[in-house]
Amino acid sequence: EVALSPSAALPTPAVTSDRRHSPPTNTVPLRSSSLAAHHQQGWWLSALHAPMLLDSVRAALASRSQTLLPSLHAEGTDCYRLFHGATEGEPGCTLERFGDLLLWQTFRDPPDMDPQELLPRLRDLVEDETGVPLRAVHWNARQKRQRSREGVLVPPGAPLLAAEHVGSEIGLKYRIDVPPPGRDPNLYLDFRAARRWLAANSEGRDVLNAFAFTCGAGVAALAGGARHVTNLDFSQSALDVGRENARLNGLPVGAFECKKGGLSQPPREPLGLPAGAFECVCGDALPALRQLAGLPTNTDRRSRGGRGRGGGRAGNRRASGRGGGGASSLAPRLRQRAFDVVVLDPPTWTKTAAGAVDLVRDYQSLFKPCVLATRPGGTVLAVNHVASVELDEWVDSLERCAKKAGRPLEDVTVLPPEQDYPSPDGKHPLKMALARVAAG
C-alpha cells in the first residue's frame, strides 16, 4: 500500500552539483581505499574543517528530527537527505540515508580528517540524533581528482549490506547499491516530490517515463494505479534495476521489453498490452520521443537529403550518462502513441548521433515531442536541474514552445523539492513543472 502523507510534501530545495545521471552497477565495492594513496594525492589540503562540519551536520539533524523524519518514517520512507551542505553551512558535501546505508558525498576537497575516523563519527552522530541504526557508511568522492579506484566503506572488508539491499519511499521499495566512486546512487532523493505526485495522480492513466534511469517514477506511477507505464532509457543496466524495482513491489512487468537495436518480441498495439503493464524501452531518447510524437527523426530527414537539426554532427559517439546516447540506429522503431502523463527528466547535456541534449540552450527540442505525445488535458512533468536556469524564464519557454507546437498549455504548476532540501531563498536548482495541456 502506498502511503501518501502530505506532511513530508512541503517545499524545499534541490540538488547541488550531484546531478545527474549515471547508470548503476550491480557490484557493491566493500573494500577500503588506501589512505597512503590519499596522502600522495594531497587530499588533506582541504577547505572542509571537520569539527565545523560535524557541528553543521548536528544542527541539520536536530532540525530534521523534530517533525520531518518522524513524518517520513510514518509514511514508510527511509531514504532522505540528512544534510544539504549547499544551504546548511558546508557547500560541496551531502549526507543521505538509503535504508541501512549512510552515504557521505563530497564534490570539492574532502575534510581535513582521516575518513576512517570521520565516517564512524558521522554514523554515530546520525544514530545519536535520530535513533536510526545504520549498518554501513560510505564515502563517495564525486570529483575525479578525489577518487581512488575504491570507495571508502566503514567498517571495511565485510558484506555489511544485504546482497539485495533496498530502501523505501512512501511505502515503495527500491534497489539500493553502494555507488562506485563518482557515480550517482540508484534513487534521486530530490525527485521524491515528483514520485509522490505520480503515485497520487496516475490512476487509470498511460504514463511515459523518459530518461527513466532505474524507473523510480515509473514504479511510483504504476503503484498509483497507472494503466500502463513505458520507461525509456539508453542504459539497459539501469532499466534492469527498474524492472527489479517493479518486482520488489509486486507490480506486473510488461508484455515485452525493447533491447538495443530492436524489440525482443514483436511490438503489440498499446491497447493489447495487459492492464498495469510495465514496459522498458532501451534506446536513444531523442529519436524515440520524436517517433512517439509522430515527428520525423534526424535520420529520416538525412535520408531524404534534408538539413535536419543536428544531422551528422555527433557521428557514432555514445552519450555518457543516463538516458541519452548512442546512434539513432540503436533506437527501436516505435509507433506514434499518446499518453496522459509524460515525465521528462533529461541529463544536463549529452551528444548523440541523433542530436544533443542541452537543458540550457535547447530544452524545447525535448519538450516539443513530449507535448505532442500528450493527450489533451494530460500533463508533462518537466524537469530542469541546471542551477543557472531561472525558473520563470524556463516556464515561459515551455509555454511558448507548447503554443508554437499547436498544443497550448492550460496551466503550469511548479512542484518544489521536499523539506530535506532546504533553500532559504526558495530558488531551488532543481525545477519541476506540471505543464497541463489544454483540453481542446
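To keep things clear, this report deals only with the structure shown in the data block. (Residues numbered from 1 in each chain as written. Predicted model: local features only at pLDDT ≥ 70, side-chain atom pairs only at ≥ 80, totals over all residues. Heavy atoms only, no water.)

## Description of the overall build of the chain
Per the secondary structure count, the chain includes 11 helices and 18 strands. The buried share among the 440 residues of the chain stands at 58%. Long-range pairs, those at least 24 residues apart, make up 74% of the contacts in the chain between residues at least 6 apart in sequence. Total accessible area computed for the chain in this model is approximately 17,400 Å², and 49% of it derives from carbon and sulfur atoms. (Helix = DSSP H or I, 4+ residues; strand = E, 2+ residues; numbered from the N terminus. Buried < 20%, exposed > 50% of the residue type's maximum accessible area, 1.4 Å probe, protein only. Contact = heavy atoms within 4.5 Å. Areas by Shrake-Rupley, 256 points an atom, 1.4 Å probe, with all protein chains shown as cover.)

## A look at the nonpolar core
In this structure, Phe98, Phe191, Leu198, Phe278, Leu381 and Met432 are the most contacted members of the largest nonpolar core, which totals 47 residues. Formed by 38 residues, the second largest nonpolar core is a distinct cluster that contains Ala210, Val281, Ala373 and Val386. (Core = buried A, V, L, I, M, F, W, Y, C linked by side-chain atoms within 4.5 Å.)

## Observations concerning the pairing of strand S15 (residues 355-358)
Sheet topology note: the strand S14 (residues 349-352)/S15 ladder contains four bridges and is antiparallel. Its bridge partner being in S15, lysine 351 is matched across the sheet by alanine 356. (Pairing = 2+ DSSP bridges.)

## A short note on helix H8 (residues 285-293)
Each full turn of the α-helix corresponds to 3.6 residues, which orients residues three or four apart in the same direction. Taking burial as the measure, the nine residues of H8 include nine buried ones, the bulk of the element. Among the residues of H8, those classed as buried are Ala285, Leu286, Pro287, Ala288, Leu289, Arg290, Gln291, Leu292 and Ala293. Sitting at the head of H8, aspartate 284 places a side-chain oxygen 3.0 Å from the backbone nitrogen of leucine 286. A positive backbone phi angle near 80° is found at glycine 294, which sits one or two residues after H8. (Polar contact = N/O pair within 3.5 Å; in protein donor to acceptor, adjacent residues only side chain to side chain.)

## Describing the packing of aromatic side chains
Considering all chains together, one arrives at two aromatic pairs under this definition. Where tyrosine 188 meets phenylalanine 213, the ring centres are 5.0 Å apart and the plane angle is 25°; that geometry is what we call stacked. With a gap of 25 residues between them, tyrosine 188 in the loop between strand S7 (172-175) and helix H5 (192-201) and phenylalanine 213 in the loop between strand S8 (206-210) and helix H6 (216-223) connect regions that are remote in the sequence. Taking relative accessible area as the criterion, tyrosine 188 reaches 7% and is therefore assigned buried. Relative to tryptophan 394, the ring of tyrosine 363 lies with its centre 5.4 Å away and its plane at 85°, an arrangement referred to as edge-to-face. Placement of tyrosine 363 in the loop between S15 and helix H10 (364-372) and of tryptophan 394 in helix H11 (residues 391-404) is noted, with a sequence separation of 31 residues between them. Since its relative accessible area comes to 2%, tyrosine 363 is described here as buried. Classification of tryptophan 394 by relative accessible area gives buried; the value is 2%. (Phe/Tyr/Trp six-rings, centres within 6.5 Å; stacked < 30°, edge-to-face > 60°.)

## Description of the side chain of arginine 142
Topologically, arginine 142 is positioned in the loop between strand S4 (136-141) and strand S5 (152-154). Under the relative-accessibility criterion, arginine 142 is labelled buried at 13%.

## What about the packing of H10 against H11?
Packing of H10 against H11 leaves a shortest axis separation of 9 Å and a crossing angle of 50°. Of the possible angle classes, the one that applies to H10 and H11 is oblique. The two elements H10 and H11 cross, and the hand of that crossing is right-handed. Here H10 contributes Gln364, Phe367, Lys368 and Val371 to the contact with H11, which in turn contributes Ser397, Leu398, Cys401 and Ala402. Partitioning the contact of H10 with H11 into residue classes produces five nonpolar, two polar and one charged. (Axes fitted to C-alpha atoms, helices over the stretch in contact; angles between N-to-C directions. Parallel < 35°, antiparallel > 145°, perpendicular 65-115°, else oblique. Left-handed = near helix turned anticlockwise from the far one by under 90°. Nonpolar A, V, L, I, M, F, W, Y, C, P; charged D, E, K, R; others polar.)

## So, the environment of threonine 106
Mapped onto the elements, threonine 106 comes out in strand S3 (residues 101-106). Once the C-alpha coordinates of threonine 106 and tryptophan 139 are considered, the two residues, 33 residues apart in sequence, prove to be 7.8 Å apart. One polar contact links threonine 106 to tryptophan 139, side chain to side chain, over a distance of 2.9 Å.

## Focus: the pairing of strand S6 (residues 166-169)
Sheet topology note: the S6/S7 ladder contains four bridges and is antiparallel. In the strand pairing of S7, glycine 167 is matched with tyrosine 174. Between S6 and S7, which follow one another and run antiparallel, lie two residues, and isoleucine 170 among them has a positive phi close to 40°.

## Brief notes about the packing of H8 against H10
Where H8 contacts H10, the two axes come as close as 8 Å, and the packing angle between them is 30°. It follows from the interaxial angle that H8 and H10 lie roughly parallel. For the pair H8 and H10, the crossing hand works out as left-handed. The residues of H10 that touch H8, namely those facing Leu286, Leu289, Arg290 and Ala293, are Leu366, Pro369, Cys370 and Leu372. Grouping the constituent residues of the contact of H8 with H10 by class yields seven nonpolar, no polar and one charged.

## Observations concerning the environment of aspartate 345
Along the chain, the position of aspartate 345 falls in the loop between strand S13 (339-344) and S14. Given a relative accessible area of 2%, aspartate 345 falls into the buried group. Taking the C-alpha atoms as reference points, aspartate 345 and phenylalanine 191, 154 residues apart in sequence, are found 9.6 Å from one another.

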